[in-house]
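Residue-level structural notes
So you can see what is in the structure, the chains are spelled out below.
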Amino acid sequence: MAAFTQQHRQRRWYQRLPLARWGMAGGLASAALVAMVFMLSLRPPPPAVAATSGNAFIALEPLERIRRESHPRIVETQIARTALAGMGVPITPENAGDQVRAEMLIGADGRPLALRLSSL
């Protein structure tokens, strides 16, 4: 009886799979993880509008143009909330007429280069 039990032991489900299949599964899982990390690294960064905590500028011109500007200046201004709707600023009927304090980075030619919301 002991010899029969030794020869016909019940194996658990993970013991039934050959070691080569466990290696293949681990390799596939590792490759999938590497592919996922690579795909996430290709994803563009979230828009700067989501970070309107008062310290992030929202580029209105290409970054190359902003970098080329020799003497930009910052001007404080008030902008209608409805004008910022296209940038993702939430608008409700109650606050549609409100003004938002902002700082604008202005180039030497007077065109706005970037915008930073001071308060919503």
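Residues numbered from 1 in each chain as written. Predicted model: local features only at pLDDT ≥ 70, side-chain atom pairs only at ≥ 80, totals over all residues. Heavy atoms only, no water.

1. Some thoughts on the overall build of the chain
Broken down by element type, the chain carries 4 helices and 4 strands. When each of the 120 residues of the chain is scored for burial, the buried share is 19%. Pairs at least 24 residues apart make up 55% of the contacts formed inside the chain by residues separated by at least 6 positions. If you sum the accessible surface of the chain, you get close to 9300 Å²; carbon and sulfur atoms cover 61% of it. (Helix = DSSP H or I, 4+ residues; strand = E, 2+ residues; numbered from the N terminus. Buried < 20%, exposed > 50% of the residue type's maximum accessible area, 1.4 Å probe, protein only. Contact = heavy atoms within 4.5 Å. Areas by Shrake-Rupley, 256 points an atom, 1.4 Å probe, with all protein chains shown as cover.)

2. Some remarks on the nonpolar core
Counting residues in hydrophobic clusters, the biggest one holds 9 residues: Ile79, Leu84, Val89, Val100, Ala102, Met104, Ile106, Leu115 and Leu117. For this core, the element with the highest residue contribution is strand 3 (residues 99-106), accounting for 4 residues. Not counting chain neighbours up to four residues away, the residues in contact with Leu84 comprise Ile79, Val89, Val100, Leu115 and Leu117. (Core = buried A, V, L, I, M, F, W, Y, C linked by side-chain atoms within 4.5 Å.)

3. Some details on the sheet that holds strand 2 (residues 73-80)
Pairing within the open sheet is antiparallel, and its 4 strands lie in the order 1-4-3-2. In the strand order of this sheet, the two ends are held by strand 1 (58-59) and strand 2, each with one partner. Summarising the sheet, strand 2 and strand 3 pair through 8 bridges and their orientation is antiparallel. Looking across to strand 3, one finds that Ala80 is bridged to Gln99. (Pairing = 2+ DSSP bridges.)

4. Topic: the confidence of the model for the chain
Confidence in the prediction for the chain averages 83 pLDDT; 89% of positions are at 70 or higher. Ranking the helices and strands of the chain by mean pLDDT puts helix 3 (residues 19-42) first, with 91, and helix 2 (residues 13-16) last, with 76. Low confidence marks residues 48-54, where pLDDT is under 50. Its contacts with residues over four positions away, or in another chain, come to 12 contacts. (pLDDT = per-residue confidence, 0-100.)

5. As for helix 3
Its 24 residues give helix 3 an end-to-end C-alpha distance of 35 Å, which sits within 8% of 34 Å, the value for a rise of 1.5 Å per residue. When you tally the buried positions in helix 3, you get 0 out of 24 residues, a small fraction of the element. (Expected span 1.5 Å × (residues − 1).)

6. Topic: the pattern of salt bridges
This structure, assessed with the given rule, holds 4 salt bridges. With its nearest N and O atoms 2.8 Å apart, the salt bridge here joins Glu61 to Arg111. Pair noted here: Glu61 is in the loop between strand 1 and helix 4 (63-68) and Arg111 is in the loop between strand 3 and strand 4 (112-117), with a separation of 50 residues, a long-range link. A salt bridge links Asp109 to Arg65; the shortest N-O distance between them is 2.9 Å. Placement of the pair is Asp109 in the loop between strand 3 and strand 4 and Arg65 in helix 4, with a sequence separation of 44 residues. Residue classification places Asp109 among the partly exposed residues on the basis of a relative accessible area of 49%. The network of salt bridges with common partners includes Arg65, Glu69 and Asp109. (Salt bridge = Lys/Arg side-chain N within 4 Å of Asp/Glu carboxyl O.)

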